[in-house]
Structures are given as C-alpha cells and as structure tokens.
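Okay, here's what each chain looks like letter by letter:
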Amino acid sequence: MLGAELAEAPPVVTSPRLSWRALAESARAQLSTNLERVFLWSPVAFGLGAAGYLEAPAEPSVWILAGVVLALTAAWWTARRWTATPALIVPLSLLAFGAAGGLAAKVRSDRVAAPLMGGERVVRRVEGFVIDVVSPGAGGTRLLIAPAAISGLSPEATPRRIRVTIGENETPAPGQAVRLKAMLGQPPPPAAPGSYDFARDAWFDSIGGVGFVIGDIAAARLDPPPLRLRISMAVNAFRWGLAQRILTRMGPSSGGIGAAMVTGHEAWISEDQTEAMRASGLAHILSISGLHMAIVGGFVFAAVRLGVAAWPWLALRAPGKKIAASAGLIAVLGYLVISGAPPPAERAGITASVAFLAILFDRRAITLHGLALAALLILALKPETAGEPGFQMSFAATAALVALAESWPQPVKEISTPWWIRWPQAAMTWLAASVAASLVAGLATAPFAMQHFNRVAVWGLPANLAVAPLSSFVIMPFLAIGTLLEPFGLGAPFLAIAGWGVDGMVGIANGFADAHGAQRIVASAPPQVLVVAFLGLMILCLWRGSLRWIGAPMAVAVALWPRPAPPDAWIANDGATAAVRSGDAAVLLRTDAKRFGAELWARRRGLEPATWSLYTCDKRICAPAVGAPVGLSLAWSRRTPDAETLAGLCVQSEVVVIRGSAPERVPPLCAETVLLTAEDFARGGAAELYRRPDGWRIVWAQPLRGDRPWSRLLTPAVTSAR
C-alpha cells in the first residue's frame, strides 16, 4: 500500500526561486574556490597590459605608466591592509599586473632603442660582422650583421643590426668579417592595413635596416668587436658548423629538417617540404618549441632516472628523481644554447626549467601555477612576446594541456597483472591520451592560427597523431644522442636512424597535404575578437567549476564572428604592385613582383591568390583588359608617365596608381579618376580600396600603426658618401 501511494504521488516541482538560489549558491562557492587561483590570472593580465602598450595609437609616458602602477599597487595594499572583500582586492591586483605589463613593455622598448635607416632604399657599402644565419625569407638565405660602418651614415646614425638577403652568394659563417654592397632601407611596414607589423619585431631586435646584397660578399679586416658580440658569434659559429655536419651525416633530403630541429637553422629545408608541413598541420615541428624541449628534457630525465634505478648502490643512497631532474635541466639549457635561443625556444626552455626546478624543490612538475610563473618570467624579460603569434599559441596550448593533465583521471595501479593484459591497457591509455592532447592543443591554437596565418589544416589532428610516435621515440631522441656524440665522430648511426624518422615524417606530411581539402583559407576577424577568444580559452583552462563553460562560446569567437566585406583592391606600400578581388580570388596585376605581400593580403581577407590575370602589362604599365573586376591601372616604373600616357590610363580606369612622383600637371581627363602617387604611399603605406555608391573609400596602413618608435617614417641622417 505504501509503495502504491508513493507511486501515485505527484512529482515535486522545484520553484524557480529555489533554482535561482541554488545557482547563486553554486556560483558563490565556485567564486570562493577560484579566489585561491587568482595567481593563475596574473600572466593573463600582465600580457594584456603589454599587448595594450604594443597596440596603443601613441607612445605613452613611462612616468605616467609608473604612476599608474604605483597607484594601483598602493590601492591593492590598502585594501588588503583593511581586510576589504575579495571582490575589491582581486580586481585591483589584476589591474596592477596589467599596468605593470604596459610599463615593462615601455621600459623594454626604450632599452632596445637603436638607430633606424630612413628614406627610400639605396645602395650602400657595408662592413661588419656576421652574427648569425637567420631563417630564410622569400628571397632566400639571410644574414644578421653587426655593421661597423655603412656608407653615407654617421656612426651615430648607423643601425646596431641589419638583416640582408644574400641571393646566390655563398653563405659566410657566423663570426666572419665581411664587406658587401646592399640595397638597404628601413624595416618594412605592414603589407596591408591592420596586418602584422614586421617593423615592430625588428625594433625589439634592434634591427635598423633590411635589404638584399648586390654583387659578391668579400672578407674584410676589422677591429675586434666587443666581448659580448664575440661570444655570441662563437656560439653561432659552433651551431652553424654542427648544422653542416648534421646535414652531411643525414643527407640533403632529411638533413635540412634535422639541422633545423637541432640548431634552428632552416636554410636547407626545401620549399616543397615547408609547404607540405604547413598544409598537413605539422609546421610547428620545424620550429624549436615546447615539443622539442619536452622530448629532449623528458628523454634525458627518463634515461638518467632509469640509470640510477639500475644501479642499486646509487639508488639506495641518492635521490634518483632529483638527479634526473638536474640532468634534464642541464639538457634543456644546453639545447637552448645550441638552438640559438630563438623566442619559441626561450619560452619553452623557461617553462621546462620551471618544471625541473619544481622537482628539485619537491613540488609538482606540471601545474598551472608553474606555467603561470614561467609565463610571468617570459613576459617580464621580453614583454613584446605578448603580441607575437608564437607566444600566444604556445601559451594557450600549454595551458590547455596542463589543464587537461590536471583533470585527467589517474588510473588505478594494478598488482601482478599479466603482461598480455597490462600492455594492451597501457597502449590504449597512451592512444587515448595522445588523441586528447592533440585535439586539445589543436583547438587551443586554432583561433590564433586563423587570425594570424589564415590557414586551417583540415587533417592536422590525424597527421599529428601519425607523427607523434616518430617524433617522440625516433627523431628527437636519436637526434639528441647523435648530436651529443657527433663532436667525437660517433654520431653517424644515430643520426642515420633519425634521418629515417624524418623521411617517414615527410612522407606522412606529403600524404596528408595531398589529401582532398587539406587546407582552408579563413579571413581574419576584427582584432578585438581574438582577445575575446583568448579570454574564453583562459576561462576554460583556469576556472574550476561548471561556470568554466561560459568560456566555450567565447573561445570560438574567431571562427564564428561575421567577417566584413573584403576590399575590392589592394596596393603595395610603395605602389609597385596591386591586386584586385574577383569573387573569392585575388587577381595580381604583376605576378612576378612582391608576391609575398599580395598573397599575405589575399589570405588575410579570405581570398585565394589567382593563377590567372585580367590585366595586360608591359615593361612599365599594367592596364585592365576586358572583364577586369576593377578598372585599375598601374604605372610601376619609378619614372612618372608623360601627360599623354597618363591621360590614356585615366580614360580606361577608375583608379590609376603611379609609383613615381605626382605629375606637375594632371590632365583634365583624370579629373574623375582616383590618382595615387608616390607621395601618397610615402605618407600612407599600403592601401585597401572599397567601392562605394558615392565613390572609393581608401584605408591606409600607416595611420592604423599610430605614432610609435617603429612606425615613424624617417629622413636619413647622412654624412658624405664613401
């Protein structure tokens, strides 16, 4: 009877008031729990403050920034002193960290300030020391040079560093004193309005001039450079020699990638290999980063710990885990030196060092607190990394992986389980962990890849899963052993095995790159959308509790945000070339000039660079043919066209671009035509044109850069040319 009565009883309906009260209690409990994790948000606030400095429209005063930091710090201290509520203390602390990030970036910018070359590119004679062979550009191998003298420039106006593309010349080794002629100028501005500012990177690297070598490179006799420069060049010379030995041992097909993964030198990687790695989502393997540091440091740690355990006398008397952590720390620091310490390797080295130091001090090696400390160290040393895609992607991926590791269920250790049961279980666990790690890292980096590189590798997840065993168990361990033994002439067999692994990796990359729809081009979203996505990722990774899922729709903002209509035309920053939109394609007027800038603009706007053209070009002029989507003519010679030629261009065009100076007299037939000349590009840089019912709207790149040290167009300070 009692069961029947219970069965017939109506269900209990919870009132809305109780539901909202329960939700409020849950939110209050989660907030209380996460107040203990506020330190995890300090690098986020610090990085946003540094990024705010980088994107500011005008250069802020260091004293104003310092005053803001002191005021916020004092307010935070006062709030803690008088036991204010966490609702006030936490925002004040994060605001103080944000202001400190902006101040650190300003101090760093002032500290690295160095002379910049001004005016147009001109041919100059250069004498200086080769510091390093840096990553190749579109024109080939590039050298980083510390100039001792540059013709036409006074010592005070001589840049601290210059970077030149050497063309067909034989590559001089780091440390050599050279004499050369080069077409040099100021570091290039953005290729399109709002796109990545290459000159900003050059500013923080103290590179004041870039260009390309004309003629041969000769040896020079110069006074010895400063001690610090000599040490840097000696390390780079060792790296260069080691890279050449790795190339010789492994052969040209795999040696270029092997040398890049050990020393950071990418001079021998073919374009086909690079494109296949990009299309398959494996390009991150070519850049020394967290993956390489983790494999090398983890391999050394595991090998040393196994060696200690295999020696009973030592295992009973010494802390094997700490000895292994010390060896891993030494390996990471050594790898950092051999790699040339590029920014990704520096970030990964600091993160790995923090993990090994945690073991030495009896702390958990992999925690979000350790990651937060590493990120703060990186940002404090080089705040400009907050604006670099590499740092954004590596920090997001690492945070996602550490959050995954913290929430991953720990398996129960079984006792006396037969091997035919234990091994398949371990294999399944490893496979599940690999799939989860690759998926989480890919999702965490996807917003930044879309925004900065406008590429989506459709088959990136299976490609990374297929390559993971090769890179983790074959390529990196045998590269590490071979590199360690190569100075003694014993590295050949190990490097050969690593070469087989590299060949297998390239084969996998080619297979996925050739698959249907391997890549998709995605237009960049408005800049503020990436901040929303980043904050959403951080909420997912750092918040503890069900409210973390609030970050999910924010994290996919870059993918879902509606894109504005793309521009109808683009013009290079010097007026030397242009491209127009035709449907989803970007049609280049000059297919043989400045393709890098045109293709960069096309991808950023979600357009596919066309292999065909609707414009006819001769040695000086490009004009629209029948069916051209935009009536745009381009006089790309530096010589201003005569009045008759200019009038003819205006008759058949809506927009006429003149690379040379403005004509003294504009023909009457050009009265209704948009006429852009060298003076316009000198002031505005690259341009995007939008067709409107009332005419053309032009967006220039230079005003969007603001008035910053790296964005000022300078007039060169000269002495008599030599």
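Rules and cut-offs
- Residues numbered from 1 in each chain as written.
- Predicted model: local features only at pLDDT ≥ 70, side-chain atom pairs only at ≥ 80, totals over all residues.
- Heavy atoms only, no water.
- Helix = DSSP H or I, 4+ residues; strand = E, 2+ residues; numbered from the N terminus.
- Rg over C-alpha atoms; globule rule 2.2 N^0.38 Å.
- Areas by Shrake-Rupley, 256 points an atom, 1.4 Å probe, with all protein chains shown as cover.
- Lys, Arg positive; Asp, Glu negative; His and termini not counted.
- Charge placed at Lys NZ, Arg CZ, Asp CG, Glu CD.
- Buried < 20%, exposed > 50% of the residue type's maximum accessible area, 1.4 Å probe, protein only.
- Polar contact = N/O pair within 3.5 Å; in protein donor to acceptor, adjacent residues only side chain to side chain.
- Contact = heavy atoms within 4.5 Å.
- Salt bridge = Lys/Arg side-chain N within 4 Å of Asp/Glu carboxyl O.
- Core = buried A, V, L, I, M, F, W, Y, C linked by side-chain atoms within 4.5 Å.
- Expected span 1.5 Å × (residues − 1).
- Pairing = 2+ DSSP bridges.
- Axes fitted to C-alpha atoms, helices over the stretch in contact; angles between N-to-C directions.
- Patch = residues over 30% accessible without salt bridge, like charges linked within 9 Å, V, L, I, M, F, W, Y side chains within 5 Å.

J.: Help me out: how do you make sense of the overall build of the chain in this one?
T.: Per the secondary structure count, the chain includes 25 helices and 18 strands. Computed over the C-alpha atoms, the radius of gyration of the chain is 29 Å, within 12% of the 27 Å expected from 2.2 N^0.38 for a compact globule of 722 residues. For the chain, the spread of C-alpha atoms along the three principal axes comes to 105 × 75 × 60 Å. Split by element, the accessible area of the chain, about 36100 Å² in all, is 64% carbon and sulfur. Positive and negative side-chain charges in the chain, numbering 62 and 48 respectively, have mean positions lying 8 Å apart.

J.: Mind showing me how you'd approach the side chain of Ser-109 here?
T.: Mapped onto the elements of the fold, Ser-109 is located in helix α5 (residues 86–111). Note on Ser-109: relative accessible area 1%, which makes it buried. Side-chain polar atoms of Ser-109 contact the side chain of Tyr-53, separated by 3.1 Å. If we skip the residues at most four places from it in the chain, Ser-109 touches Tyr-53, Glu-59, Trp-203, Phe-204, Pro-709 and Trp-710.

J.: What should I look at first to understand the pattern of salt bridges in this one?
T.: Pairs can form between side chains of opposite charge once their charged atoms are near each other. With the rule as written, the count across this model stands at 17 salt bridges. The partner of Arg-683 in a salt bridge is Asp-680, with the nearest N and O atoms 2.9 Å apart. Remark: Asp-680 and Arg-683 occur in helix α24 (residues 678–684); sequence separation between them is three residues, near one turn of the helix. The class for Arg-683 is exposed, based on a relative accessible area of 55%. By relative accessible area, Asp-680 is classed as buried at 18%. Here the salt bridges share partners, and the residues they tie into one network are Glu-59, Lys-106, Asp-110 and Arg-708.

J.: Please clarify how the nonpolar core should be interpreted in this entry.
T.: Counting 47 residues, the largest nonpolar core has Phe-395, Phe-448, Met-538 and Leu-542 as its most contacted members. The set of elements that each furnish at least two residues to this core consists of α3 (42–55), α6 (198–204), α14 (368–381), α15 (389–407), α16 (419–453), α19 (527–542) and α21 (557–560). Looking at this core, the element that brings in the most residues is α19, giving nine residues. Excluding residues that lie within four positions of it along the chain, Met-538 makes contacts with Trp-41, Val-44, Phe-395, Ala-396, Ala-399 and Trp-543. Membership of the second largest hydrophobic core comes to 45 residues, among which are Ile-257, Leu-329, Ala-331 and Val-332.

J.: Help me understand α3, please; the structure alone is not making it clear to me.
T.: Counting along an α-helix, one turn takes 3.6 residues, and residues three or four places apart therefore face a common direction. Between its terminal C-alpha atoms α3 stretches 20 Å, which fits the 20 Å expected from 14 residues at 1.5 Å a residue. For α3, the tally of buried residues reaches 10 of 14 residues, placing the bulk of the element in the interior. Every buried residue of α3 is listed here: Ser-42, Pro-43, Val-44, Ala-45, Phe-46, Gly-47, Gly-49, Ala-50, Tyr-53 and Leu-54. Packed against the buried residues of α3 are α5, α6, α14, α15 and α19.

J.: It is not clear to me how the sheet that holds strand β15 (residues 655–658) should be interpreted in this structure. Could you clarify?
T.: Strand pairs in the sheet, formed through backbone hydrogen bonds, run parallel or antiparallel to each other. Spatially, five strands are ordered β12-β13-β14-β15-β16 in an open sheet, and the strand pairing comes out mixed. Looking at which strands have only one partner, the edges of the open sheet turn out to be β12 (615–617) and β16 (674–676). Strand-to-strand, the axes of this sheet are offset by a mean angle of 15 degrees, without reference to chain direction. In this sheet, β15 lies alongside strand β14 (residues 632–635) in parallel orientation, the contact comprising four bridges. Opposite Leu-632, over in β15, you have Val-655 as the bridge partner. Against the sheet, helix α23 (residues 643–651) contacts β13 (621–624), β14, β15 and β16, and its axis sits at roughly 145 degrees relative to β15.

J.: Just to check I follow, could you spell out a nonpolar patch on the surface for this structure?
T.: On the surface, Met-428, Trp-430, Leu-431, Val-435 and Phe-473 cluster together to form a nonpolar patch covering roughly 500 Å² of accessible area. In terms of residue count, the dominant contributor to the nonpolar patch is α16 (four residues). Relative to the elements of secondary structure, Phe-473 occurs in helix α17 (residues 460–485).

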